[in-house]
Amino acid sequence: MAPLVKRNLITGGAGFLGSHLVDRLMKADEEVICLDNYFTGRKENISHWIGHPRFELIRHDVTEPIKLEVDRIWHLACPASPVHYQFNPIKTAKTSFLGTYNMLGLARRVGARILLASTSEVYGDPEIHPQSEDYRGCVNTIGPRSCYDEGKRISETLCFDYQRMHATEIRVMRIFNTYGPRMLPDDGRVVSNFIVQALRGLPLTLYGDGSQTRSFCYVDDLIEGMISFMNSDCCGPFNIGNPEEFTIRELAELILLKINPRLSLIEQPLPADDPMQRRPVIDLARRELGWNPRVSLNQGLDDTIEWFRRALDIKNP
Ligand code: NAD
Ligand code: UDP
């Protein structure tokens, strides 16, 4: 007998990561229900699947319960850029808590496996470096980033309590800074900001002196890790990210070199609670999932720049 087609629910499926996941699962001949409230997601990201018999699109807010019959829930719904999640921080906290609670309730009711898109932000502004999964973090409970950081921490807590109380099959994935095509040009995150500024011939806005670090993962690698994790027997939490670490100044200089070395950098104030360093330890994912990021920042930036050039209709010089 042919294996049954998996029925997947992807919350936040019209967003940056969610829409790449939709593409991968559709190309694997699975059924996909994409659920989104379009706060930061766009129909254009998934419009190429509308009308396909295995694809369904639902406008819904995860803070409200929903009844569906599915086998797997990929719970990504939540704004991810500081600009977006700080726009209405109370709503962000509600999305994290109520959204995850509702999706866990659904998973329990229908016996679905659920993957939570958690974040490196659960480590806050880390005192240890690099960050492995057993580090418990240094998070300000009352700052401007707390709605997101604490939101994801309670989401993780809910997952593990559902596992302990109801044997719900959970997968908790801590995603580190990921970039690639379909980021919003006005998203506020550093890779999209720098590329869009450089393509428009504007100076690049360096917050602080640019000595803070991040480790950037290309979207294709991240989605590969997400799928391997969902298919595994492990519940996590697992870090998924690229351990190559760069200062933000190095990132700016690399992007200038690729787009227009004549442009300048302007320093702007560092936002409150901005983590000073971030790099994942990915030994667990390597060992348990056999996963490894493959795309270098150099290669991933080239592809992302080309995508933005086309999306913004900016001609090659
Ligand atoms: P994104 O903003 O592009 O996608 C989030 C999606 O969720 C959007 O389509 C948005 O409209 C939708 N959404 C938000 N609130 C909702 C709600 N209440 N109900 C229904 N839909 C809602 O961001 P992304 O980068 O694709 O991030 C996806 C997930 O991955 C998020 O949960 C984020 O926290 C997590 N994550 C991302 C990164 C990253 O670097 N991209 C890093 C860590 C964690
Ligand atoms: N950043 C910057 N200029 C920008 C946008 C961001 O220097 O135009 C910095 C920001 O202060 C942070 C880093 O880049 O130190 C990554 O920011 P992003 O918002 O992409 O992700 P996060 O802080 O959530 O890791």
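A short tour of the structure in this document, coming up. (Residues numbered from 1 in each chain as written. Chains lettered and ligands numbered in written order. Predicted model: local features only at pLDDT ≥ 70, side-chain atom pairs only at ≥ 80, totals over all residues. Heavy atoms only, no water.)

Turning our eyes to something else, we now look at the overall build of the protein. Across its full length, the protein holds 9 helices and 13 strands. Taken over the C-alpha trace, the protein has a radius of gyration of 19 Å; the compact-globule value for 317 residues is 20 Å, and the two agree within 12%. Buried positions account for 55% of the 317 residues belonging to the protein. For the protein, contacts bridging at least 24 residues in sequence account for 80% of all contacts bridging at least 6. For the protein, the accessible area works out to roughly 14100 Å², and carbon and sulfur atoms hold 51% of it. One way to put it: in the protein the 37 positive side-chain charges average out to a point 4 Å from where the 41 negative ones average out. (Helix = DSSP H or I, 4+ residues; strand = E, 2+ residues; numbered from the N terminus. Rg over C-alpha atoms; globule rule 2.2 N^0.38 Å. Buried < 20%, exposed > 50% of the residue type's maximum accessible area, 1.4 Å probe, protein only. Contact = heavy atoms within 4.5 Å. Areas by Shrake-Rupley, 256 points an atom, 1.4 Å probe, with all protein chains shown as cover. Lys, Arg positive; Asp, Glu negative; His and termini not counted. Charge placed at Lys NZ, Arg CZ, Asp CG, Glu CD.)

What follows concerns the environment of Glu245. Positionally, Glu245 belongs in strand S12 (residues 245–247). On the basis of relative accessibility, which here comes to 27%, the residue Glu245 falls in the partly exposed class. As a C-alpha pair, Glu245 and Thr178 span 67 residues in sequence and 13 Å in three-dimensional space. Leaving out residues up to four positions away in the same chain, Glu245 has contacts with His129, Thr213, Arg214, Ser215, Glu250, Gln277, Arg278 and Arg279.

Let's shift gears to the packing of aromatic side chains. Enumeration over the complete set of coordinates arrives at 9 aromatic pairs. Plain terms: the ring middles of Phe39 and Phe87 are 6.0 Å apart, the flat faces sit at 35 degrees to each other, and that makes the pair tilted. Pair noted here: Phe39 is in the loop between strand S2 (31–36) and strand S3 (55–59) and Phe87 is in the loop between helix H2 (82–85) and helix H3 (89–110), with a separation of 48 residues, a long-range link. Arranged with centres 4.9 Å apart and planes meeting at 25 degrees, the rings of Phe229 and Phe238 form a pair that is stacked. Summarising the burial analysis for this pair, Phe229 and Phe238 share the class buried. One aromatic cluster is present, built from ring pairs that chain together Tyr123, Tyr135 and Phe176. (Phe/Tyr/Trp six-rings, centres within 6.5 Å; stacked < 30°, edge-to-face > 60°.)

If you check the shell around ligand 1, you find 30 residues, and the closest are Leu17, Asp36, Thr40, Leu76 and Tyr148. Here an oxygen atom of ligand 1 sits 2.9 Å away from a polar atom, N or O, in the main chain of Phe16. Cys78 places a polar main-chain atom, nitrogen or oxygen, 3.4 Å from an oxygen atom of ligand 1. Contact with the protein chains covers 97% of the free accessible surface of ligand 1, which is 820 Å². Going through the elements one at a time, helix H1 (16–27), H3, strand S5 (113–119) and helix H4 (146–166) are the ones with two or more residues in the shell around ligand 1. When residues in the shell around ligand 1 are grouped by element, the largest group, 3 residues, is from S5. Residue composition of the shell around ligand 1, grouped by class: 14 nonpolar, 11 polar and 5 charged. (Near = heavy atom within 4 Å. Polar contact = N/O pair within 3.5 Å; in protein donor to acceptor, adjacent residues only side chain to side chain. Nonpolar A, V, L, I, M, F, W, Y, C, P; charged D, E, K, R; others polar.)

A cluster of nonpolar side chains, contributed by Phe97, Tyr101 and Ile154, occupies part of the molecular surface with about 250 Å² of accessible area. If you trace the backbone, Ile154 turns up in helix H4. (Patch = residues over 30% accessible without salt bridge, like charges linked within 9 Å, V, L, I, M, F, W, Y side chains within 5 Å. Salt bridge = Lys/Arg side-chain N within 4 Å of Asp/Glu carboxyl O.)

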